[in-house]
Amino acid sequence: MRSRAAPWSLLGLAVLLALPWLLPQLLPQGQAQFWTASILGRAIVFGIIAMSLTFLATYGGFVSLAQMMIAGIAGYTLAIFVEGAVPRVVGLLGYGAAIPLALLAATAMGILMGAISLRSRDIYLLMITLALGMGVFRFIETNIAWFNGYEGIRNVVGPSLFGLDFRNALVFYHAALGTAALLYFGILYLVKTPFGLVLQGIRDNPRRVAALGYAVGLHRIAAFGVAGFIAGCGGVLSTIYNIGISPGSIGLGATVNILIMSVIGGLGHPIGAFIGSLIFTVLDTFAATIYDRDRFNTLIGLAFLAIVLVSPDGAIGVGARLRRLLTAQPRPASRVCGEVRSRPPSTRTAKEEPP
Amino acid sequence: MDLAATILLNGLTLAALYFIVASGFSLIFGLMRVVNMAHGAMYLIAGYVGYAVFEPLYDRDVWYAWYVGLAAGVAFAAVFGALVQTLLLGWMQGQELRQALVTIGLSIIVADQLLATYGGTPRQFFAPDAIFGSTQVPGVGGYPTFRLVQIGVAVAVGLGLWLLLNRTKLGIMIRAGVDDRQMLGACGVNVPLVGVAVFALGAALAGLGGVIGATAQPLAQGADGRFLLISLVVVIVGGMGSVTGTALGAVLVGVAEQIGQAMFPTYSVILTFLIMVTVLALRPQGILGRA
């Protein structure tokens, strides 16, 4: 299955890389630039953060709502330590040192979240990670000394890479796309390693994995650490994209937005995160034309509700269903039976909903 | 000494409001296993609808304006809750994550539509004369009467819930449903109907909190998120589905919040979360939760 999909993903990546040059052929110059910078660039950045949630949910069965906060930790670490940020909090490091530090902080935060929520599962985990994320948000919002409170930290302009300035939309787009691609293929590789297999074993049956002699807790914490690193990459990019960071960008709304992206795209495969973030960004941008600029939340809420009600496995699920419908391929019976037998009703999650 | 007593009393009055709201959340979770992420939206909707009923009556200066507003808000929330359960959540029983996602989508839409209808101006009820003004409290001095009433309401809610769950037929059904839904259904009880009743009751409690909370402090957009999170933290600390646990959690969180704000204002949130993390590390099911 995956080996069949690999050439397609490479082709998709190539198209995305060339897109800034392809788009002007199709659209007027101004619009093409707008699509690259404001829609695709943003979708990729948020997609990375959403992918950290999708990674945990798909391969570990952990729906963590702390991922936006973890991305924010990376963003704040960068803003606090990098030179030139306003107001200056520490401001001693260049981007070359501040970005790795930010990623380290996000990974550490991910590990911490994994350790705190170690003994909770399913819906409890969702509640606890949401509460933890919001706790950090409230702390950041009220703390002036380190995080400059409500205003946040501005003027994080981003580095110059080999003489290329990050403020150039094209440079940013390719840097974000490159990061996203590396992380995406990294995840696909990681889940085939022994670590990834144990993780999927934990998702399906933690007790059996523990009985086989694996340290379930350590694997869980490590998975949260990996997700923290991914979210951190997204957080660094989004901070540079927004030229700074403020508490609003990690609040409840932002947290829920990341969840919406993951679910709309589908919690079945990492690519779902990017599909979801693209749909989200497009809806966000064109809400004014579709319904009413100020009522974007109603629009996205309805879209989200419709997806959850109709196709719990998101856009990916819609695609799979259409494919099955078109090819009139009978559902593999053994798989359905296996699912029904092995699934106690209380642990059913949206992504396991039978098609 | 005065200061300590005031902080403690502030903490308890805050805890009373937290308990009223969180008890509904805990009740719904206890029986239905539904994490009602729209609980804050129900708080908000009751506050706004109650205010819309309250305002014209208050302008006409009738004494019962606040009581009618309260009843309207609570009733609207209850009907809303019953509708949510009947139309959306009832047919996906057992799919916990999907139900949580549905309520998240719902809360986004509700909050946005409330913003569209009522705008962003904060609103505040005026308490009726009987419970307005201040009362002398030994050791504290003059203290807002309404905040003391808040404690009274919370105690009444707690007692009422305890009586309902332990002394009535509906309570027996609810408790049996918590333990074994299928067996309860096999005994001839209409479990979905019990579910709708529980959801309406839980939403009504959120609504009660909404009107009470909007009398004690202004109601504005964003209160939904705040009270959803408080409900989460309170039931995580106290234990899911336990009335006593919810009360304990509310007192811990409310008092800790007030102590934190008095002693180290910019770090006060940390105290709440230290409590939560400690509880999670030692008793993941909450202080009084069942494993």
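Preceding this paragraph is the structure being described.
If you're wondering where the values come from, they're calculated on a predicted model, not measured in any experiment.

Caption draft 1: A look at the packing of aromatic side chains. All names here are of chain A. Tallying each qualifying case throughout the model produces 23 aromatic pairs over all chains. Ring plane angle 75° and centroid distance 5.9 Å describe the contact between Phe 139 and Phe 147, whose orientation is recorded as edge-to-face. You'll find Phe 139 and Phe 147 in the same group, each marked buried. For the pair Phe 166 and Phe 172, a centre-to-centre distance of 6.1 Å together with 85° between the ring planes defines the contact as edge-to-face.

Caption draft 2: Expanded view of the pattern of salt bridges. All names here are of chain A. Going through the model one piece at a time under the given rule, you end up with five salt bridges over all chains. Two residues, Asp 204 and Arg 203, come together in a salt bridge whose shortest N-O distance is 3.0 Å. Owing to a relative accessible area of 55%, Asp 204 belongs among the exposed residues under this scheme. Note that Asp 313 is salt-bridged to Arg 321, the shortest N-O span being 2.9 Å.

Caption draft 3: Layout of helix H4 (residues 96–118) of chain B. Residues and elements named next belong to chain B. Compared with the 33 Å implied by 1.5 Å per residue over 23 residues, the 32 Å span of H4 between its first and last C-alpha is a close match. Within H4, 18 of the 23 residues are buried, which leaves it mostly tucked inside the rest of the structure. Within two residues after H4, Gly 119 carries a phi angle of roughly 75°, on the positive side.

Caption draft 4: How the structure looks around the packing of helix H2 (residues 39–59) of chain B against H4 of chain B. All names here are of chain B. Running from N to C, H2 and H4 point in directions that differ by 25°, and their axes come no closer than 9 Å. By the criterion of interaxial angle, the relationship of H2 to H4 is roughly parallel. Two packed elements cross with a definite hand, and for H2 against H4 that hand is left-handed. In this structure, H2 uses Ala 41, Leu 44, Ile 45, Tyr 48, Val 49 and Ala 52 to contact H4, whose residues at the interface are Ser 107, Val 110, Leu 114 and Tyr 118. Class assignment for the residues of the contact of H2 with H4 results in nine nonpolar, one polar and no charged.

Analysis parameters
Residues numbered from 1 in each chain as written. Chains lettered and ligands numbered in written order. Predicted model: local features only at pLDDT ≥ 70, side-chain atom pairs only at ≥ 80, totals over all residues. Heavy atoms only, no water. Phe/Tyr/Trp six-rings, centres within 6.5 Å; stacked < 30°, edge-to-face > 60°. Buried < 20%, exposed > 50% of the residue type's maximum accessible area, 1.4 Å probe, protein only. Salt bridge = Lys/Arg side-chain N within 4 Å of Asp/Glu carboxyl O. Helix = DSSP H or I, 4+ residues; strand = E, 2+ residues; numbered from the N terminus. Expected span 1.5 Å × (residues − 1). Axes fitted to C-alpha atoms, helices over the stretch in contact; angles between N-to-C directions. Parallel < 35°, antiparallel > 145°, perpendicular 65-115°, else oblique. Left-handed = near helix turned anticlockwise from the far one by under 90°. Contact = heavy atoms within 4.5 Å. Nonpolar A, V, L, I, M, F, W, Y, C, P; charged D, E, K, R; others polar.

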